[in-house]
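Single-letter residue listing:
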Amino acid sequence: MHDWRHKLDPVLKEYLEHLVHESSSERKAYAHSKKPGEAQLWVALAMLARENAQLKQENKSFKELALTLNQKYKFLEKVMREINPKKVPKDNEDPAKALKDVLRKL
């Protein structure tokens, strides 16, 4: 029964074993099925779908954070130009270096 698992790629086998172990936590539910093995597969699939949804939400949050940081950076750049219009960083100048120079002068 477990012979096929030994032939799997070790990395893939690690994920499989984790998923089998995790899905066994719902054994009480799928044990009532006419085909418990198939039901366990559906449970594992549902767990993967849940994880995928969580990762999508985290990705969305990170994108929103990046957008917010970008907006703050543009605002700070605008304020720097208003405070000291003569020392506006050129497009090819490193903005981090320009910001360090301004902060050093404060």
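Predicted, not measured: the structure shown is a model, and the values here were computed from it. (Residues numbered from 1 in each chain as written. Predicted model: local features only at pLDDT ≥ 70, side-chain atom pairs only at ≥ 80, totals over all residues. Heavy atoms only, no water.)

## Observations concerning the overall build of the protein chain
The criterion, for reference: To qualify as a helix, a DSSP run of H or I must reach at least 4 residues; to qualify as a strand, a run of E must reach at least 2; elements of each kind are numbered from the N terminus. Three labels apply to residues, based on accessible area from a 1.4 Å probe with only protein chains included: buried if under 20% of the type maximum, exposed if over 50%, partly exposed otherwise in between. The contact criterion used is simple: two residues touch if any of their non-hydrogen atoms lie within 4.5 Å. For every accessible area listed, the method is Shrake-Rupley and the probe measures 1.4 Å; residues are considered covered only by the protein chains on display. Residues scored as positive are Lys and Arg, those scored as negative are Asp and Glu, and His as well as the terminal groups of each chain are ignored. Taken as the charge centre is NZ of Lys, CZ of Arg, CG of Asp or CD of Glu, depending on the residue.
A tally of helices and strands in the protein chain yields five helices and zero strands. Reading the secondary structure of the protein chain in the N-to-C direction produces α-α-α-α-α. Projecting the C-alpha coordinates of the protein chain onto the three principal axes gives extents of approximately 75 × 30 × 20 Å. Taking all 106 residues of the protein chain together, 10% fall into the buried category. Partitioning the contacts of the protein chain with sequence separation of at least 6, the portion at a separation of at least 24 is 15%. Looking at the protein chain as shown, the accessible area adds up to about 9,700 Å², and 61% of this sits on carbon and sulfur atoms. Positive and negative side-chain charges of the protein chain, numbering 22 and 16 respectively, have mean locations separated by a distance of 5 Å.

## Some words on the layout of surface pockets
The following threshold applies: As defined here, a cavity is a set of points on a 1 Å grid over the protein atoms alone where a 1.4 Å probe fits but cannot get out. A pocket is an open set with protein on both sides within 12 Å along at least five of seven lines, and residues line them when an atom is within 4 Å of a point. Grid points are joined across faces, edges and corners, and a volume is the space filled by probe spheres set on the points. Following the grouping adopted for this structure description, the nonpolar residues are Ala, Val, Leu, Ile, Met, Phe, Trp, Tyr, Cys and Pro, the charged ones are Asp, Glu, Lys and Arg, and the polar ones are all others, Gly among them.
If you add up the space inside the second largest pocket, you get close to 200 Å³. What lines the second largest pocket is simply Trp-4, Arg-5, Leu-16, Leu-19, Val-20, Ser-23, Gly-37, Gln-40, Leu-41 and Ala-44. Those elements that place two or more of their residues in the lining of the second largest pocket are helix H1 (3-6), helix H2 (10-23) and helix H4 (36-83). In the lining of the second largest pocket, the residues fall into six nonpolar, three polar and one charged.

## Side note on the pattern of salt bridges
Two side chains carrying opposite charge are able to pair once their charged atoms lie near each other. Keep this limit in mind: Between Lys or Arg on one side and Asp or Glu on the other, a salt bridge is scored when a side-chain nitrogen of the former is within 4 Å of a carboxyl oxygen of the latter.
Counted under the stated rule, the structure contains six salt bridges. Across the salt bridge formed by Glu-38 and Lys-35, the nearest N and O atoms sit 3.9 Å from each other. As a salt-bridge pair, Arg-104 and Asp-101 come within 3.1 Å of each other at their nearest N and O atoms. You can see Arg-104 and its partner Asp-101 sitting in helix H5 (residues 95-105), three residues apart, about one turn around the helix. Residue classification places Asp-101 among the partly exposed residues on the basis of a relative accessible area of 21%. One connected set of salt bridges, linked through shared partners, spans Lys-97, Asp-101 and Arg-104.

## What about the side chain of Arg-5?
We apply this condition: Throughout this description, a polar contact denotes any pair of N or O atoms lying within 3.5 Å of each other; where both atoms belong to protein, one of them has to be capable of donating a hydrogen while the other can accept it, and for residues adjacent in sequence the pair is counted only when both atoms sit in side chains.
Summarising the element assignment, Arg-5 is placed in helix H1. Arg-5 gets classed as buried once you look at its relative accessible area, which sits at 16%. Of the polar contacts made by the side chain of Arg-5, one reaches the side chain of Glu-17; its length is 3.3 Å.

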